[in-house]
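The chain contents come next:
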Amino acid sequence: MGQFPITRTTSPAQKPADDTLAFGKVLTDHMFLMNYEEGKGWFDPRIVPYGPLSLDPATSVLHYGQAIFDGLKAFRGDDGQIRLFRPDRHAQRFDRSARLMSMPALPVDIIRASFDALVGVDADWVPHKAGTSLYLRPTIIATDVMLGVHPSHSYLYFLILSPVGGYYKEGVKPVRILASDAHVRAVKGGTGEAKTAANYAQSLAGQQDAAAQGYTQVLYLDGVHRKYLDEVGTMNIMVRIGDEVITPPLAGTILDGVTRASVIQLLQDWGLKVSERQISIDEVMAAGRDGTLKEMWGTGTAAVVSPVGTLGYKGEDVLINKGETGELTQRLYDAIVGIHYGRTNDAHGWTSVVKVPAIA
Ligand code: COI
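S.K.: Sorry, what's going on with unusual backbone geometry here?
M.R.: Peptide bonds are mostly trans, and most non-glycine residues show a negative phi. Of note in this structure, Val-304 is not a glycine but carries a positive phi near 60 degrees. Tracing the sequence through the fold places Val-304 in strand S14 (residues 304–313). Overall, Val-304 belongs to the buried group, its relative accessible area being 12%. Although it is not a glycine, Lys-322 adopts a positive phi angle of roughly 60 degrees. You can see Lys-322 is positioned in the loop between strand S15 (316–319) and helix H8 (327–340).

S.K.: Got a minute to help me understand the packing of aromatic side chains in this structure?
M.R.: Two measures describe an aromatic ring pair: the distance that separates the ring centres and the angle between the ring planes. Under the defined criterion, the tally for this structure stands at nine aromatic pairs. Geometrically, the ring pair formed by Tyr-36 and Trp-42 is tilted, given 5.2 Å between the ring centres and 55 degrees between the ring planes. Each member of the pair Tyr-36 and Trp-42 is classed as buried. With centroids separated by 5.0 Å and ring planes inclined at 55 degrees, the aromatic side chains of Phe-69 and Tyr-200 adopt a geometry described as tilted.

S.K.: Would you mind showing me how to read the site of the ligand here?
M.R.: Taken together, Phe-23, Phe-69, Gly-71, Tyr-135, Arg-137, Tyr-167, Lys-195, Tyr-200, Thr-301 and Ala-302 are the residues near the ligand. Separating an oxygen atom of the ligand from a side-chain N or O atom of Lys-195 is a distance of 2.5 Å. The separation between an oxygen atom of the ligand and a polar main-chain atom of Thr-301 is 3.3 Å. Tallied by class, residues from the shell around the ligand come to six nonpolar, two polar and two charged. In terms of domain composition, the shell around the ligand takes at least three residues from each of domain 1 (18–166) and domain 2 (175–325).

S.K.: Looking at this structure, I do not really get the side chain of His-340. What am I missing?
M.R.: Tracing the sequence through the fold places His-340 in helix H8. When sequence neighbours within four positions are dropped, the list of residues in contact with His-340 reads Phe-75, Arg-83, Phe-85 and Val-304.

Conventions adopted
Residues numbered from 1 in each chain as written. Predicted model: local features only at pLDDT ≥ 70, side-chain atom pairs only at ≥ 80, totals over all residues. Heavy atoms only, no water. Helix = DSSP H or I, 4+ residues; strand = E, 2+ residues; numbered from the N terminus. Buried < 20%, exposed > 50% of the residue type's maximum accessible area, 1.4 Å probe, protein only. Phe/Tyr/Trp six-rings, centres within 6.5 Å; stacked < 30°, edge-to-face > 60°. Near = heavy atom within 4 Å. Polar contact = N/O pair within 3.5 Å; in protein donor to acceptor, adjacent residues only side chain to side chain. Nonpolar A, V, L, I, M, F, W, Y, C, P; charged D, E, K, R; others polar. Domains from an automatic or database assignment. Contact = heavy atoms within 4.5 Å.

Honestly, it's all geometry; don't read function into it.
As structure tokens, then:
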């Protein structure tokens, strides 16, 4: 733990009560910073008091959005241990996002170590209540001060932490999703596979449209045919038609979700049929009408496993499993959450216990 210099805050913030936690509204006392300059590489990793960054108005990320982030969680288990869920896979995905956004290779081992180090320092911030966790948000921004459009020669890595409850106001209750034929998230050759700020900026209009029509989120269709399911923007999507679970393939337009991969693995472990294949919205709506669409859920770090109770498309709503959480959705949620909190056997070694320093 002693591998990074730590400057401790002299004015620790008041911690919110666990039952008031929403998503991402409260930040902890410290943050991790590291810089990059061309010719010098990544340097000066450090933990400092949480606070504002000072940026020149001409800093390139503010204009051209060369920014990546990731999101992972730390859980306080029933045994009191703090566990990170699949931190290596998150660090690898962060590195992949960096390549896709023309950033230099990341020191993945340092990024990975920063997760443990910062959570160790702010360990008291990991909430206790069931359903809560500490969300980690590693981010890299382009810091060249220059208005020409170019891959930056300098970057800032920062890691911040937020104690969180559920992502949706519905909690784990089924959400209403609108399949949009008006909004497109990504096309092959674009940035859909990267966890980059721009993907979320461009999703806001669709989200507003969906909200105005009474839905929680948008289900994006592929950008070319406007026909095949892509993802929900804050989560990957899965449908159960009959006894087959179907989820869109990783073909360059959707995010390689860590929860998605974990859920696919669990379904395979349980001997269930899971297919990563294209599936059209027409097929899903038809299955909704004839009753073979048994369940639908989203997967994501923030959303965990979120049941979809209603799917809307072109003015028609189909109610899925009477608008209630399906049996397999619940089983997956329980299995993932059981691993998060160290309640069930972590057969695949997905969690990693954080060593909390004596003086946290
Ligand atoms: C996550 O699940 O970590 C996400 O990135 C979704 C979102 C809050 C942007």
